[in-house]
Amino acid sequence: MKHLHKLLLASLCILSFSTMQAQDNNNPWALGLGVNAVDFYPTGEDAPLGGYFDEFFNTGDHWNILAGLSRVSVARNIGAGFYFEAAGSVNQISKFGDEGRDDLMYYGLDGTFNYSFRNDANAGWLDPIVGVGGGYTWLDDEGFATLDGTVGLNFWFTDHLALSVQTIYKHGFDDNMESHFQHAAGIKFAFGGKDTDGDGIYDKNDECPEVAGLEQFNGCPDSDGDGIQDRMDECPNEAGLAQYNGCPDTDGDGVADPQDECPTVAGLPEMNGCPDADGDGIRDGDDECPNEAGPEENNGCPWEDMDNDGVLDKDDECPEVAGTAANNGCPEPTVEVIEELNEYSRTILFDLNKATIREESEETLQAIADIMGEYSNTIFHIGGHTDSTGSESYNMQLSRERAESVREALVARGIARERLTAEGYGENNPIASNNTAKGRQENRRVEITLEDDKVMKDDNSGM
């Protein structure tokens, strides 16, 4: 049994060396543990009995089987379906063909180059193999070299575990060498290969070899567990949806959180995920009146119309007093007001043939100024008129000067100059007959009307 111990020790040394080499070269390896049976009967003419396959399956009469672990193998994948297998075996020979023996110790060291049809057959779990190689066999202390040929099947239960059965024909090189069959069965464990990140996927098959990942993603991680691998996930640390490239949509508004400026409140895509409750195009966070539609220039609030005159305050020059749109929101004097102004203006008295206003007209001028002050946006026109006494040119000049005198008197009483225009019309617009004293008195007058073009004028021409 000392030879058995030596064989097992040698096999373990080969296994240890091979394992270290595998990890250095990043190649997959397989360890086989099993039993073997040696048959010296059907090995050809006169050696020692019938033809090669005579009584091939006569296990009871010809097979030598050692109970327990009796064969150890190590295999290294070369590539393209080829692998090299080194095996050590031990047995006790008590049957030599039909002859008996006194328990000869059998030792074998063999190496074969094998080819796997697994990929060619696309079988997956079924792995037929053939191989050729050589070895050295001892019967007690006598040894001889052999030429080996093998056929077998591996049944893979997982990527790492298989049931292996094979038959090896070992041919001696001369008549003194004992040609024979060796049958083997056992378990094969696949191992080796470099797995830098320790995720159980070898680097050569791992698309993310430095980061532990999942088999379904070829070794790449899915940190947030959303079914989208991190390298394709725009939000690798937050579980999300495939339609948003792995990012969440917390408020369910159809805008992914990274692009959503209001991720916890449902909003609109055109507002970058923020709401616009009043639909005025201004998102609620920037809208001072989020529930009332209003323009951006008024911060999202509707324009007010404090005086309810139909003219918005932004366009209303008199926002606190009801007016008309034609007068920019300011009130306009009515016909009655204009008539009242003219009742006053017709009582203005001038010195004879002069433009100087007499003192007794002071109260009249103040009354006119008070009325005009109520219409701060209205432009008034002051027209001067005379009777036909005197030359036409003289009357025209006098009427201009008197209209200008009234204008200056009203400016002195607080009426803005640009709100007043003045013109003289001489004797051209009589309202009564110039043939009577009464008629001529009526024609000598100052009239106040509204300025037709509504444009404030700065008339500094002087009259």
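Before any of the text, the structure's been laid out above.
Rules used throughout
- Residues numbered from 1 in each chain as written.
- Predicted model: local features only at pLDDT ≥ 70, side-chain atom pairs only at ≥ 80, totals over all residues.
- Heavy atoms only, no water.
- Helix = DSSP H or I, 4+ residues; strand = E, 2+ residues; numbered from the N terminus.
- Expected span 1.5 Å × (residues − 1).
- Contact = heavy atoms within 4.5 Å.
- Pairing = 2+ DSSP bridges.
- Axes fitted to C-alpha atoms, helices over the stretch in contact; angles between N-to-C directions.
- 1 Å grid on protein atoms, 1.4 Å probe; cavity = no way out; pocket = protein on both sides within 12 Å on 5 of 7 lines; lining within 4 Å.
- Points joined across faces, edges and corners; volume = space filled by probe spheres on them.
- Nonpolar A, V, L, I, M, F, W, Y, C, P; charged D, E, K, R; others polar.
- Buried < 20%, exposed > 50% of the residue type's maximum accessible area, 1.4 Å probe, protein only.
- Phe/Tyr/Trp six-rings, centres within 6.5 Å; stacked < 30°, edge-to-face > 60°.
- Parallel < 35°, antiparallel > 145°, perpendicular 65-115°, else oblique.
- Left-handed = near helix turned anticlockwise from the far one by under 90°.
- Polar contact = N/O pair within 3.5 Å; in protein donor to acceptor, adjacent residues only side chain to side chain.
- Salt bridge = Lys/Arg side-chain N within 4 Å of Asp/Glu carboxyl O.

1. Re helix α6 (residues 392-412)
Helical geometry: 3.6 residues make up each α-helical turn, so side chains three or four residues apart lie on a common side.
Okay, step 1: Spanning 21 residues, α6 covers 30 Å between terminal C-alpha atoms, matching the ideal 30 Å at 1.5 Å per step.
Okay, step 2: The elements touched by buried residues of α6 are α5 (362-373), β10 (380-385), β11 (420-424) and β12 (445-450).
Okay, step 3: Looking one or two residues past α6, glycine 414 carries a phi angle of roughly 100°, positive in sign.

2. Considering the sheet that holds β10
Okay, step 1: Sheet architecture is open: three strands sit in the order β11-β10-β12, paired in mixed fashion. Looking at strand neighbours, the two that pair on one side only are β11 and β12, the edges of this open sheet. With direction set aside, neighbouring strand axes in the sheet form an average angle of 20°.
Okay, step 2: Bridging between β10 and β11 involves five bridges; their strand directions are parallel. Residue isoleucine 382 lies in a different strand from β11, and its bridge partner there is alanine 422.
Okay, step 3: Sitting on the sheet, α6 touches β10, β11 and β12, and the angle it makes with β11 is about 160°.

3. Structural notes on the layout of surface pockets
Okay, step 1: Put simply, the largest pocket is a space of about 860 Å³.
Okay, step 2: Pro28, Asn77, Arg118, Asp159 and Ala190 are, among the 29 residues lining the largest pocket, the residues nearest its centre.
Okay, step 3: Going through the elements one at a time, β1 (28-39), β3 (71-79), β4 (82-96), α3 (118-121), β7 (142-156) and β9 (180-192) are the ones with two or more residues in the lining of the largest pocket.
Okay, step 4: Counting residues per element, the lining of the largest pocket draws most heavily on β3, at four residues.
Okay, step 5: Its residues placed into classes, the lining of the largest pocket shows 12 nonpolar, 10 polar and seven charged.
Okay, step 6: What the second largest pocket holds in volume is close to 510 Å³.
Okay, step 7: Contributing to the lining of the second largest pocket are 21 residues, with Leu349, Phe350, Arg402, Gln441 and Arg444 lying nearest its centre.

4. As for unusual backbone geometry
Okay, step 1: Its identity is not glycine, yet aspartate 103 carries a phi of approximately 45°, on the positive side.
Okay, step 2: Looking at where aspartate 103 falls in the secondary structure, it is placed in strand β5 (residues 99-116).
Okay, step 3: The class for aspartate 103 is partly exposed, based on a relative accessible area of 44%.
Okay, step 4: A positive phi is found at asparagine 218, a non-glycine position, where the angle reads about 55°.

5. As for empty space enclosed by the protein
Okay, step 1: Counting across every chain of the model gives two cavities of 30 Å³ or more.
Okay, step 2: If you add up the space inside the largest cavity, you get close to 110 Å³.
Okay, step 3: Forming the boundary of the largest cavity are 14 residues, of which Gly32, Arg71, Ser73, Ser164 and Gly186 lie nearest the centre.
Okay, step 4: When residues of the lining of the largest cavity are traced back to their parent elements, those giving at least two are β1, β3, β8 (161-172) and β9.
Okay, step 5: With five residues, β9 is the single largest residue contributor to the lining of the largest cavity.
Okay, step 6: Taken together, the residues that form the lining of the largest cavity break down as five nonpolar, six polar and three charged.
Okay, step 7: Residue lining of the second largest cavity: Arg71, Glu85, Ala87, Asp110, Gly111, Thr112, Gln166 and Ile168, and that is the complete set.
Okay, step 8: Looking at the lining of the second largest cavity, the elements that each hand over two or more residues are β4, β5 and β8.
Okay, step 9: Looking at the lining of the second largest cavity element by element, the count peaks at three residues for β5.
Okay, step 10: Counted by class, the lining of the second largest cavity contains two nonpolar, three polar and three charged residues.

6. Re the packing of aromatic side chains
Okay, step 1: Scanning all chains against the criterion turns up seven aromatic pairs.
Okay, step 2: Considering the side-chain rings of phenylalanine 84 and phenylalanine 113, the 4.8 Å spacing of their centres and the 55° angle between planes classify their relative orientation as tilted. Placement of phenylalanine 84 in strand β4 and of phenylalanine 113 in strand β5 is noted, with a sequence separation of 29 residues between them.
Okay, step 3: Classification of phenylalanine 84 by relative accessible area gives partly exposed; the value is 31%.
Okay, step 4: When the ring of tryptophan 125 is compared with that of phenylalanine 155, the centres are 6.1 Å apart and the planes differ by 25°; the resulting orientation is stacked. Highlighted residues: tryptophan 125 in the loop between α3 and β6 (126-139) and phenylalanine 155 in strand β7, separated in sequence by 30 residues.

7. What to know about the packing of helix α4 (residues 335-345) against α5
Okay, step 1: Running from amino to carboxyl end, α4 crosses α5 at an angle of 160°, the nearest separation of the two axes being 9 Å. As judged from the angle between their axes, α4 and α5 are roughly antiparallel. Read as a crossing pair, α4 and α5 show a hand that is left-handed. For the pair α4 and α5, contact is made by Val337, Glu340, Leu341, Tyr344 and Ser345 and by Thr364, Ala367, Ile368, Ile371 and Met372, respectively.

8. With respect to the side chain of asparagine 36
Okay, step 1: Here asparagine 36 shows up in strand β1.
Okay, step 2: Separated by 2.9 Å, the side chains of asparagine 36 and serine 70 make a polar contact.
Okay, step 3: One polar contact links the side chain of asparagine 36 to the main-chain carbonyl oxygen of valine 90, over a distance of 3.0 Å.
Okay, step 4: Setting aside anything within four residues of it in sequence, one finds asparagine 36 in contact with Asn64, Ile65, Leu66, Ser70, Arg71, Ser89, Val90, Asn91, Gln182, His183 and Ala184.

9. Quick look at the environment of glycine 143
Okay, step 1: Mapped onto the elements of the fold, glycine 143 is located in strand β7.
Okay, step 2: On the accessibility criterion, glycine 143 (28% relative accessible area) is partly exposed.
Okay, step 3: As a C-alpha pair, glycine 143 and tyrosine 106 span 37 residues in sequence and 9.6 Å in three-dimensional space.
Okay, step 4: Beyond its immediate sequence surroundings of up to four residues, glycine 143 is in contact with Tyr136, Thr137 and Trp138.

10. Brief notes about the pattern of salt bridges
Okay, step 1: Following the criterion strictly, the structure yields 14 salt bridges and no others.
Okay, step 2: The salt bridge partner of glutamate 261 is arginine 283, with a shortest N-O separation of 2.2 Å. Note that glutamate 261 is positioned in the loop between β9 and α4 and arginine 283 in the loop between β9 and α4, a separation of 22 residues in sequence.
Okay, step 3: According to the relative accessible area criterion, glutamate 261 is partly exposed, its value standing at 46%.
Okay, step 4: For arginine 413, the salt bridge goes to glutamate 362, with nearest N and O atoms at 2.0 Å. One end of the pair, arginine 413, is in the loop between α6 and β11; the other, glutamate 362, is in helix α5, with 51 residues separating them in the sequence.
Okay, step 5: Here arginine 413 falls in the partly exposed class, since its relative accessible area comes to 23%.
Okay, step 6: With relative accessibility at 38%, the residue glutamate 362 sits in the partly exposed group.
Okay, step 7: Connected via shared salt-bridge partners are Glu261, Arg283 and Asp286.

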